[in-house]
Amino acid sequence: MNLYHLRYFVTLAHMEHYTRAADLLAITQPSLSHAISSLESELGVKLFKKNGRNVTLTKYGKSFLTDAEDVLQKLDASVGSLQLAGKGEGHIDIAFLRTLGSDFVPRILRRFLDENQGKQIDFALHCDKVITNEILKGIKEQKYDIGFCSKINDEPLIEFIPVAKQDLVVIVPPDHPLASKSEIHLEETLEYKQIIYKSGSGLRHIIDHLFDQIGAYPDVSYEIAEDHVVAGFVANGFGIAVAPDIPIIHSLNLKVLPLVSPTWQRNFYMATLKDAYHPPVVDIFKQFVIDQTRGELDYRTI
């Protein structure tokens, strides 16, 4: 059995006439007859029966037609997808931290699509319940082509390329004792309960490092993974937090205090799997992101 025989079978099943089917397939009628006979011999059943000058499917032929069409449809779709990928088109799976979903990711995708108008390129976006560790795990399992996340040390299989940065601030409720300040030193936060990012977050080790620098650690009320949840808990009086300066904190009932010491920027990276094959469309998008962000970042300091 071969693919040509399956295509011949499906065409004849729809045309119900050897001559017309052979013309459509651009082969001779004897060649079509031989292919169908070979297929029937291999399967051990008759697929067609004569109906005057035409042919119609037997009950076995009807059952086989459904499966044959399904196989050919899946194969054609897969071939089409691979051909698109080979031309720098196709599908890209991207995972990203939710904090990057309000500006950075939609902005970079919009620019890329605008510069590649007329090409068949689509993105599958993964940001639900995703933290840096989950993104990196998905990249190593080749579930995602590219991730936008924090950098985690001791990940030898992952290439991290800096693409964006945010300042860290301290957020407090508006009626908090620290709310009267215009800026803050980290030591001033120690007497208050704090909300800390979970250990799986790429931000956690940065904040831990800040507290290591001042030789003390706060009283932790909750550990939370996502930025917007941290901000929501702070706004409702569950504690204060060191957090990235992102748009959502300015839309909530919070006081945002610049952190003057120790200072730190939260850096975001494009993560990909090292030494792995990526289809051309992924490599093209990766280089586009690098070119777009190079002018906005000092690569030597990140």
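Conventions and cut-offs
- Counting restarts for each chain: residues are numbered from 1 in the order of the written sequence.
- The predicted nature of this model means local features are confined to residues of pLDDT at least 70 and side-chain atom pairs, given and counted, to a pLDDT of 80 or more, with totals for whole chains, interfaces and linings taken over all residues.
- The basis for every side-chain value is the complete set of heavy atoms in the structure, and neither hydrogens nor water enter the calculation.
- Helix and strand assignments follow DSSP, with helices taken as H or I runs no shorter than four residues and strands as E runs no shorter than two, numbered in order from the N terminus.
- Computation of the radius of gyration draws on C-alpha atoms alone. For the globule rule, the value is 2.2 Å times the number of residues to the power 0.38.
- Relative accessible area decides the class of each residue, using a 1.4 Å probe on protein chains only: under 20% of the type maximum gives buried, over 50% gives exposed, and in between gives partly exposed.
- Contacts are assigned to residue pairs with any non-hydrogen atoms lying within 4.5 Å of each other.
- Only the protein chains shown count as cover for residues, and all accessible areas are computed by the Shrake-Rupley method using a 1.4 Å probe.
- Note that His is not counted, nor are the chain ends; the positive residues are Lys and Arg, and the negative ones are Asp and Glu.
- For this purpose, a charge sits on NZ of Lys, CZ of Arg, CG of Asp or CD of Glu.
- Here a Phe, Tyr or Trp ring, Trp counted by its six-membered ring, pairs with any other such ring whose centre lies within 6.5 Å, and the pair is stacked when the planes are under 30 degrees apart, edge-to-face when over 60, and tilted otherwise.
- Side-chain atoms within 4.5 Å link the members of a nonpolar core, which is a set of buried Ala, Val, Leu, Ile, Met, Phe, Trp, Tyr and Cys residues.
- Whenever two N or O atoms come within 3.5 Å, that pair is a polar contact, provided that in protein one can donate a hydrogen and the other can accept it, and provided that, for residues adjacent in sequence, both atoms are side-chain atoms.

### Some details on the overall build of the chain
Right, on to step 1. In terms of regular secondary structure, the chain is built from 10 helices and 12 strands.
Right, on to step 2. Taking 302 residues into account, the globule formula puts the C-alpha radius of gyration at 19 Å, and the chain, at 30 Å, lies well above it.
Right, on to step 3. Over its C-alpha atoms, taken along the principal directions, the chain stretches across nearly 95 × 35 × 35 Å.
Right, on to step 4. The 302 residues of the chain split such that 45% are buried.
Right, on to step 5. Taking contacts inside the chain between residues at least 6 apart in sequence as the whole, the part at least 24 apart equals 73%.
Right, on to step 6. Within the structure as shown, the chain displays about 15,900 Å² of accessible surface, and the carbon and sulfur contribution to it stands at 50%.
Right, on to step 7. Charge centroids of the chain, computed over 31 positive and 39 negative side chains, lie 8 Å from each other.

### Considering the packing of aromatic side chains
Right, on to step 1. Applying the stated criterion across every chain, the model contains 13 aromatic pairs.
Right, on to step 2. Considering the side-chain rings of F112 and F123, the 6.1 Å spacing of their centres and the 75° angle between planes classify their relative orientation as edge-to-face. You can see F112 sitting in helix α5 (residues 104–115) and its partner F123 sitting in strand β4 (residues 121–126), a full 11 residues away along the chain. With respect to class, F112 is no different from F123; both count as buried.
Right, on to step 3. Taking 4.9 Å as the distance between ring centres and 45° as the angle between the ring planes, the aromatic pair formed by F233 and F238 counts as tilted.
Right, on to step 4. These aromatic residues form a ring-pair network of at least three members: F112, F123, F285 and F288.

### Focus on the nonpolar core
Right, on to step 1. Judged by nonpolar contacts, the single largest core of 38 residues is most densely connected at I94, F123, L136, I139, F148, M270 and F285.
Right, on to step 2. Elements supplying a minimum of two residues to this core: β3 (90–96), α5, β4, α6 (132–140), β5 (146–149), β6 (158–172), β12 (265–273) and α10 (280–294).
Right, on to step 3. No other element matches the six residues that α10 contributes to this core.
Right, on to step 4. Here I94 is in contact with L109, F123, A124, L125, H126, I146, F148 and F285, once residues within four sequence places are set aside.
Right, on to step 5. One finds V169, L178, L210 and L257 within the second-largest nonpolar core, a separate group that totals 32 residues.

### Let's talk about the side chain of T99
Right, on to step 1. Within the secondary structure layout, T99 lies in the loop between β3 and α5.
Right, on to step 2. Within the structure, T99 has its side chain in polar contact with the side chain of D227 (distance 3.2 Å).
Right, on to step 3. Every residue in contact with T99, bar those within four places of it in the chain, is listed here: Q166, D227, I246, R266 and F268.

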